Amino acid sequence: MSDLRSRVSYLQGLVEGLEISDSTKEGKAIKVITEILREMAQAIEEIWESQEDIHDYIDSLDEDLADIEAEVYGDELVDVECPHCGELIEVEASILDDGDFEIVCPECGERFTADDLDLDDEFDFEDDEDDDDDEDDDE
């Protein structure tokens, strides 16, 4: 943004260097135009700074929301592949333990259960827990 402001300042310097008289219609128009450009550059810079502040605030809200979601939902989310259409679906890991729980694919609308999925290769929750225990033993 400082590039825009410096370019407008350069233009104002050129106009002053040309010694354009305020007494002519053209001279008045050019000086007014350069002043408007300066004001616009300043307004754009202020908007840019405000937009950066808003972006930072939204990032902060997003992080807070993620913390709340983790607190409320608590379960880890995992991706599973729909056996009918192959779409990846994000589901709570805990429902994969219940083979009777029905999952509805949002892409194709077909229903399936965790028993319909080939989870042996994808997830090995017990080994993950054992690995965590092994790391604790090393400390």
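Treat the numbers as computed from the prediction; the structure is a model and nothing was measured.

A. Focus on the overall build of the protein. The helix and strand tally for the protein stands at three helices and four strands. Seen in sequence order, the protein has helices and strands lined up from the N terminus as α-α-β-β-β-β-α. Burial statistics for the protein: of 139 residues in total, 17% are counted as buried. Counting only contacts in the protein whose residues sit at least 6 apart along the sequence, the fraction spanning at least 24 positions is 31%.

B. Geometry of a nonpolar patch on the surface. Residues Leu4, Val32, Ile36, Met40 and Ile44 make up a contiguous nonpolar surface patch of about 400 Å² in total accessible area. Structurally, the position occupied by Val32 is in helix 2 (residues 25-73). What makes Val32 partly exposed here is its relative accessible area of 47%.

C. Representation of the packing of helix 1 (residues 2-17) against helix 2 in the model. Close contact between helix 1 and helix 2 brings their axes to 9 Å; oriented N to C, the two are set at 165°. Between helix 1 and helix 2, the angle is such that the two are roughly antiparallel. Here the hand of the crossing between helix 1 and helix 2 comes out left-handed. Together, Leu4, Arg5, Val8, Leu11, Gln12 and Val15 of helix 1 and Ile30, Lys31, Thr34, Glu35, Leu37, Arg38, Ala41, Gln42, Ile44 and Glu45 of helix 2 make up the contact between the two elements. Tallied by class, residues from the contact of helix 1 with helix 2 come to eight nonpolar, three polar and five charged.

D. Quick look at the side chain of Thr34. With respect to the element layout, Thr34 can be found in helix 2. Of the residues examined, Thr34 reaches a relative accessible area of 8% and is grouped as buried.

E. Main features of a negative patch on the surface. Taken together, the side chains of Glu46, Glu49, Glu52, Asp53, Asp56, Asp59, Asp62, Glu63, Asp64, Asp67, Glu69 and Glu71 make up a negatively charged region of the molecular surface. Tracing the sequence through the fold places Asp62 in helix 2.

F. Expanded view of the side chain of Gln12. Within the secondary structure, Gln12 is located in helix 1. Apart from the residues within four sequence positions on either side, Gln12 is in contact with Thr34, Glu35 and Arg38.

Conventions and cut-offs
Residues numbered from 1 in each chain as written. Predicted model: local features only at pLDDT ≥ 70, side-chain atom pairs only at ≥ 80, totals over all residues. Heavy atoms only, no water. Helix = DSSP H or I, 4+ residues; strand = E, 2+ residues; numbered from the N terminus. Buried < 20%, exposed > 50% of the residue type's maximum accessible area, 1.4 Å probe, protein only. Contact = heavy atoms within 4.5 Å. Patch = residues over 30% accessible without salt bridge, like charges linked within 9 Å, V, L, I, M, F, W, Y side chains within 5 Å. Areas by Shrake-Rupley, 256 points an atom, 1.4 Å probe, with all protein chains shown as cover. Salt bridge = Lys/Arg side-chain N within 4 Å of Asp/Glu carboxyl O. Axes fitted to C-alpha atoms, helices over the stretch in contact; angles between N-to-C directions. Parallel < 35°, antiparallel > 145°, perpendicular 65-115°, else oblique. Left-handed = near helix turned anticlockwise from the far one by under 90°. Nonpolar A, V, L, I, M, F, W, Y, C, P; charged D, E, K, R; others polar. Lys, Arg positive; Asp, Glu negative; His and termini not counted. Charge placed at Lys NZ, Arg CZ, Asp CG, Glu CD.

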